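Take a look at the letters that make up each chain.
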Amino acid sequence: MTASRAPGGGAARWRLAGIGLLGLGVAAAIYIAGRLHQPDYSFTMFGPDPVPPKSLLATIVLALAVVQVLLALWMYRKLPPCRSPCTA
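Because the structure is a prediction, the values reported are computed rather than measured.

A.B. asks: Mind laying out the overall build of the protein chain, listing which residues take part and the relevant values?
C.D. replies: Assigned secondary structure in the protein chain consists of two helices and zero strands. With the model as given, the accessible surface of the protein chain reaches about 8,600 Å², and the carbon-plus-sulfur share is 72%.

A.B. asks: How would you explain helix α2 (residues 51-75) if you had to name every residue and give the values?
C.D. replies: Look at α2: 36 Å from first C-alpha to last across 25 residues, which is about the 36 Å you get at 1.5 Å a residue. In the stretch just after α2, R77 is the one whose phi turns positive, near 55°.

A.B. asks: Mind laying out a nonpolar patch on the surface, listing which residues take part and the relevant values?
C.D. replies: On the surface, L62, V66, V67, V69, L70, L71, L73, W74, M75, Y76 and L79 cluster together into a nonpolar patch covering about 1,100 Å² of accessible area. Tracing the backbone shows W74 in helix α2. W74 gets classed as exposed once you look at its relative accessible area, which sits at 54%.

A.B. asks: Report on unusual backbone geometry, specifying residues and quantitative values.
C.D. replies: The bulk of non-glycine residues show a negative phi, and the bulk of peptide bonds are trans. Despite not being glycine, R77 has its phi angle at roughly 55°, a positive value. You can see R77 is positioned in the segment after α2. Given a relative accessible area of 54%, R77 falls into the exposed group.

Each value, and the rule that gives it
Residues numbered from 1 in each chain as written. Predicted model: local features only at pLDDT ≥ 70, side-chain atom pairs only at ≥ 80, totals over all residues. Heavy atoms only, no water. Helix = DSSP H or I, 4+ residues; strand = E, 2+ residues; numbered from the N terminus. Areas by Shrake-Rupley, 256 points an atom, 1.4 Å probe, with all protein chains shown as cover. Expected span 1.5 Å × (residues − 1). Patch = residues over 30% accessible without salt bridge, like charges linked within 9 Å, V, L, I, M, F, W, Y side chains within 5 Å. Salt bridge = Lys/Arg side-chain N within 4 Å of Asp/Glu carboxyl O. Buried < 20%, exposed > 50% of the residue type's maximum accessible area, 1.4 Å probe, protein only.

On their own, these measurements won't tell you what the molecule is for.
Quick look at the structure:
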């Protein structure tokens, strides 16, 4: 006995073709934008001296990383014992 055609097989092909065309359109748009864009290398995001803002951002990121580690330790109850709110 031979298997009949799977139900919805044609719709899946059209959907796959549509996704492929969408991807091709996005790739073409990125290519065209890249060919037409003229970069301006004189612009800097942080001004003439980029060290102070970058060091401030790095300090903030480091502080957030420490907070994230402390919260993970608290969530997995790896911190020293605490009073009644910790025991759930």
